[in-house]
Amino acid sequence: MVPFEVRRAHSVEEAVATLGSARDARLLAGGMTLIPALKHRLSSPSILVDLARIASLRSIESTARGRPGLWRLGAGVRHAEVAAHPGLNREHPALCALAAGIGDPQVRARGTLGGALANNDPAADYPAAVLGLDAQILTDRRSIAAADYFRGMFTTALEDDEVITAVEFAAPRSAVYRKFPHPATGYAMAGVFLARLASGDLRVAVTGVAQGVFRWHDAESALAKGHPLPRLVREDLLEDMHAPAGYRAHLAGVMLARALEGFPLGEAG
Amino acid sequence: MRITVEVNGAARSADVEDRTLLVDWLRDGLGLTGTHVGCDTSQCGCCTVHLDGEAVKACSLLAVQADGCSVVTIEGLAARSAGREPGVVSGGLAHPVQRAFAECHALQCGFCTPGMVMASAHLLRRNPDPTEAQIVTALAGNLCRCTGYVNIVAAVQRAALLVRSEGMQR
Amino acid sequence: MNDRAPATVFERAPPQVRFSADTHPARQEDLRLVTGTGRFAADWSYPGMLHAWMIRSEQAHGRLRCVDLSEVKAAPGVRAVLCASDVDAAGFGPLPNVVTHRARDGTPQKQVFMPVLARDRVHFAGQPIAMVIADTPHQAQDAAALARIEVDGLAAVASVGAALAVGAPQLHEGVPGNLSLCYEAGDDDAVDRAFASARYRSTLKVTSQRLIPSPMEPRAAVALHDASTGRTRIHVPNQGMLSMLGYLAAVTRWPAETIEVVAQDVGGSFGIRSGASSEYALVMLAARRLGRPVRWVGSRSDNFLSDFHGRALSLEGSIALGEDGRFLAMRFRDEADLGAFTCYFSTHIGTRNLSVTMGGVYRIPALSMRSELVFTNTVPVSAYRGAGRPDIAYAIERLVDYAAHEHGFDPIALRRLNFVAAHQFPYTTANGTVYDSGDFHRVLDEALARADFEGFSARRLDAERRGLLRGFGVACYLEASGPGGAPKDQVEGVFDREGMLSVYAVTGASGQGHETSFAQIIERELGWPASRVRYRAGDPAHHLIGNSTGGSRTLYGAGSAVKAMCAVLLAKLGPWAAAQCGVSEDRLAFGDGAWTLLPQGASGSSPGQTGNGMPPHAAPSGLGALRLEALVDALIAGGRAAELAAVGEAVSGATFPNGCHIAEVEIDPHTGEAALCNYVSVDDLGKVVSPRLVQGQVHGGVVQGWGQAFCEHAIYDPGSAQLLTGSYMDYPMPRAGCVMRISTHTVDVPTSLNLLGAKGVGESGCSGSLPALANAVIGALRARGIAALDMPFSAARIWAALQEAKGESR
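Residues numbered from 1 in each chain as written. Chains lettered and ligands numbered in written order. Predicted model: local features only at pLDDT ≥ 70, side-chain atom pairs only at ≥ 80, totals over all residues. Heavy atoms only, no water.

K.L.:
I'm lost on the overall build of chain B in this one. Help?
P.N.:
Tallying secondary structure elements over chain B gives six helices and seven strands in all. Taken from N to C terminus, the helices and strands of chain B fall in the order β-β-α-β-β-β-α-β-β-α-α-α-α. Here chain B holds 170 residues, and the buried ones make up 70% of them. In chain B, 59% of the contacts between residues at least 6 apart in sequence involve partners at least 24 apart. About 4900 Å² of surface is accessible on chain B, with carbon and sulfur atoms providing 50% of the total. (Helix = DSSP H or I, 4+ residues; strand = E, 2+ residues; numbered from the N terminus. Buried < 20%, exposed > 50% of the residue type's maximum accessible area, 1.4 Å probe, protein only. Contact = heavy atoms within 4.5 Å. Areas by Shrake-Rupley, 256 points an atom, 1.4 Å probe, with all protein chains shown as cover.)

Rendered as structure tokens:
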């Protein structure tokens, strides 16, 4: 690893200021992606801003605010914490199950929601839930709708010195996540988050298959109308030595079919 | 940066380069070579230690991130503490997971073993009666090339039994 | 030597470990390993130690136009940078190639030895170019990044096919067409005649894909040099300190007696830890030049590019059958990828290891093979768990199944028809191998029963109802364990004043539990408790002849020497026992760890006869039994420990473990995913010393086979010859849960090829699992029109095969 300095931030403001002070400063959350990248010299920041001591980033709260089942998860919340949280398990079981399937237990002990979203790996799990649940990404300066947040492979709407502080999820009527894991990494080779939102709208968010997470609109409208499910057709399908594009597209369909098993479709919007 | 970490029950302080990995500080700084480095993509789990009670990969943490925290390594898992004194109480190895691994032939070359033991010990603290599937999930972050895993899963089941039947507190 | 490590190599005696009666005795080494107090190569540390990092070629093939290390040398903390000129000035040789063969017409193999560091050409991505030595590992790594290396790239070839193609770039002078050796064995004419007249013929080409062996301990080395004595100590993983010493001496050309190889624990070997690699010689040179200890620790990604790779064979088998299904002939046309250089054992894989058990468990009157060993711009290949023998076992069993289905024979009946029958042993195969013993029918019968073959069709139907494809795969394999290169195996037993018996031998363990097996042999032979035995591998003070671990031979090879040592010891103790009892030696019988008095006039056991199976005779008159342990303790107390030293030796050649493995898999056609439902192994291993250790070896071999069958594949980009699978991110490894249950069983068909009557088990798991798993997968897919498919049977590849088969049927 190249040498760098670790600066501990004690508040979000401090983190933003430090990020802004140097062009190559990076945020250190769980480190599950950053530290391996540093070891391989894929990244050479001079400053790491350690967020671990900012307590406000670690909370999980039900915010109600007139919307039943609205939960705010701090950006620093670990996957294992989400997976085990009793309240979330009651109202957001699909989100908890998704978190429980990220990586492995040691990764789940450290990896964070904010880190996963800021990184936006095209095969990560959380983006599917965030997009599928129409979540709001709260930062130090604004609130970004999920639909506007994901901009492509490892690219988001965040500005260079912007820090995610929390993500707000409204509880859906029902939701489920089905993933076909990559044999080497455990990331999604195809992951489908299927949700019937409180509004009654259906959402199908797909990860692992294309340059970034996306909503499968054709499938959503087919489901809404009771039509047969379409095959996935996209220009930007991922292809590598483990799985050709056609296979990934096919897997997306299979994961959706699995997600639909037992899913209550009959409720009208 | 100057850090102070409780390692296997004893406060240890040092000046470390910020980029020093926790595993390298444990091994080279403190001479605790029981925690092993088996890969460089955070996938093998040979470096698993307990940080504030959680099983984590020491290769994916900076030593400075452990400042003010408590770390337990494989050397510290047994009843007696740190360094190169393995704890042995009458009747065998001190920790039920260590004992069960030996009894079930769940290790051959021993390189992955410290990580396996630490991951298993953490599982049993959270879930004293895990199913086979839960054991497999708990070991998803640990690779072994020698045993084929079957005896490792059996060892965790045996350790759970030892904990329950002998009331061993872990 | 000034160091923090204990003065002797080995830790003080571990405390006694006792377990409750119903548990299996633990291995001696387990206490230190489960408590993290073992010592692997990277665990050795010395005051003043420097740290090394390797600079490797990023290009697969090219001329090194410029290697500018000036910025490296000037970087903070750097003490030295070694490159090819340093190695040449030191007079080092290249890495040895241990095995070579000739072509049929006597033409020697075209060998090309790997230089310790690349001189003016690079031949594979990852080839070492320089070593940086600095005060800290970070400094060494930082400095290495400053190297400016310019390579005039040449076209590269990443596969045998590409290397043999017309117009392919030639890697080495004097090796046109990149063909190192065309090896032939057997009788082509007899085979051709048999094929000409055969009623049925089948041909199947299979690939045993290139693998990354990946023992969990990454390669590391620590060297220190004592200028006053001229001796160099090096800590490295190895499979036998004597042979490692030999290789290091061959590379450095330093006298062997000035080199000391010291290793306590080795984190897995599987064949690829036996040779000395460039880094080992370089740390030795650095330590000597700098007068400081030097440590090099390879990262895993570094190891992917510098550990020898495994397998990389393609095997095209053809079989000729008579009207009734009898095998008339078998022919193989094989291609073996050597990688960029001939290193260590690669030649053995594509030659003798394919021919010695060609034919497997069958009577085949005519056999022939031709194998092309080819250079490619890839990491050199060497022996990995079976080194060709699991591969040929795989190819034979795939071919037999394929032929059965192609021509309408029941695959199990076809096997039975062609087995070498129990009464036909010793059996000499058509290419000269002599199988000493075996009972293939018995092994197959037991495996089929345990795998509930009868119930399979019902299980398959049930799977169909659930939308899944289910297959039952049978594999009958035969292995030839290592004959060993050394003329004999020796071990030496020495009692110390504290009452421990130290057993010195050449071969070290890397997980097999040799310490424990040998202790168990001693306890069985002499009644001396296993807990009072310590195993000392490769102690330089004890000059012993023997083989390294390899070819699954240590238990029966060195173990037979242990048994022989027990006999020598017993003979030495005889007179003392007699004196103690006040009788002549012929009045005593030894058994169950004690001498007892024979009744007057009874014919006695002669002194020195081992006690195995000898019951005590009638109750001794007035004397109890004299326990050997008690006698030895008394002698030690009397200061006579040194007189009890005993050397045992044995000559043990190859053995022929064999077995039948059966796998049952279910495939989900929607995703292509295969799940293993059941796995049974029945192995003829002769007499088993340590059932639990044998089970561990079978488990390990089966799961390594699972890895090759379902997910592992070292993939090279065909154009650039870059290793695409450069880490565990792209090279899937078996994890817990991949195989939940392995039902292992052993059968003892006696062998007299060694004192223990044992057959080597280490590599048998791979030989059985590859074909069993493959035949199960093909069996499941056959209903969909798929008769052949290559490993790895990843979900993506199975699904692609299913789609292709669907397309063809429309």
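K.L.:
Would you mind going over the sheet that holds strand β1 (residues 2-7) of chain B with me for this structure?
P.N.:
Think of a sheet as strands paired side by side through backbone hydrogen bonds, with each pair either parallel or antiparallel. Residue and element names in this part refer to chain B. One open sheet holds the five strands; their spatial order is β2-β1-β5-β3-β4, and the pairing between them is mixed. Bordering the open sheet on either side are β2 (10-15) and β4 (54-57), each of which pairs with just one other strand. Mean inter-strand twist for the sheet, computed between neighbouring axes without regard to direction, equals 40 degrees. Relative to strand β5 (residues 70-72), β1 runs parallel, the two sharing two bridges. Looking at the pairing, Glu6 lines up with Ser70 of β5. (Pairing = 2+ DSSP bridges. Axes fitted to C-alpha atoms, helices over the stretch in contact; angles between N-to-C directions.)

K.L.:
Looking at this model, I keep getting lost on the pairing of strand β1 (residues 5-8) of chain A. Mind explaining?
P.N.:
In the case of a regular strand, side chains alternate between the two sheet surfaces. All names here are of chain A. Only one face of β1 is covered, namely the face carrying Val6 and Arg8; the face carrying Glu5 and Arg7 is uncovered. Here four bridges tie β1 to strand β3 (residues 47-50), and the two strands are oriented parallel to one another. Across the sheet, residue Arg7 finds its bridge partner in β3, namely Val49.

K.L.:
Help me out: how do you make sense of the side chain of Asp668 of chain C in this one?
P.N.:
In this structure, Asp668 of chain C sits in strand β26 (residues 658-668). Residue classification places Asp668 of chain C among the buried residues on the basis of a relative accessible area of 14%. A distance of 2.9 Å separates a polar atom in the side chain of Asp668 of chain C from the backbone nitrogen of His670 of chain C. Every residue in contact with Asp668 of chain C, bar those within four places of it in the chain, is listed here: Arg258 of chain A together with Leu468 and Glu673 of chain C. (Polar contact = N/O pair within 3.5 Å; in protein donor to acceptor, adjacent residues only side chain to side chain.)

K.L.:
Please clarify how helix α13 (residues 411-418) of chain C should be interpreted in this entry.
P.N.:
Since the α-helix advances by 3.6 residues per turn, residues separated by three or four positions end up pointing in the same direction. All names here are of chain C. Those residues of α13 lying buried are Pro411, Ile412, Leu414, Arg415 and Asn418. Down the axis of α13, the buried set is contained in an arc of 160 degrees. They therefore lie on one face. Considering only its buried residues, α13 is in contact with β13 (310-321), β14 (327-339), α12 (389-407), α14 (440-450), β18 (469-478) and α20 (764-781). Its side-chain oxygen at 3.0 Å from the backbone nitrogen of Ile412, Asp410 defines the N-terminal cap of α13. (Arc of directions from axis to C-beta.)

K.L.:
Explain the nonpolar core here, please?
P.N.:
Generally speaking, a soluble globular protein has its nonpolar side chains buried in company with each other. Counting 263 residues, the largest nonpolar core has Phe101 of chain B together with Ile234, Ile522, Trp595 and Phe793 of chain C as the members making the most contacts within it. It is helix α17 (residues 554-581) of chain C that contributes the most residues to this core, twelve residues altogether. Per-domain counts for this core show at least three residues from each of domain 1 (2-75) and domain 2 (82-166) of chain B. Among the nonpolar cores identified, the runner-up in size contains 53 residues, and Ile54, Val77, Ala157 and Leu197 of chain A belong to it. (Core = buried A, V, L, I, M, F, W, Y, C linked by side-chain atoms within 4.5 Å. Domains from an automatic or database assignment.)

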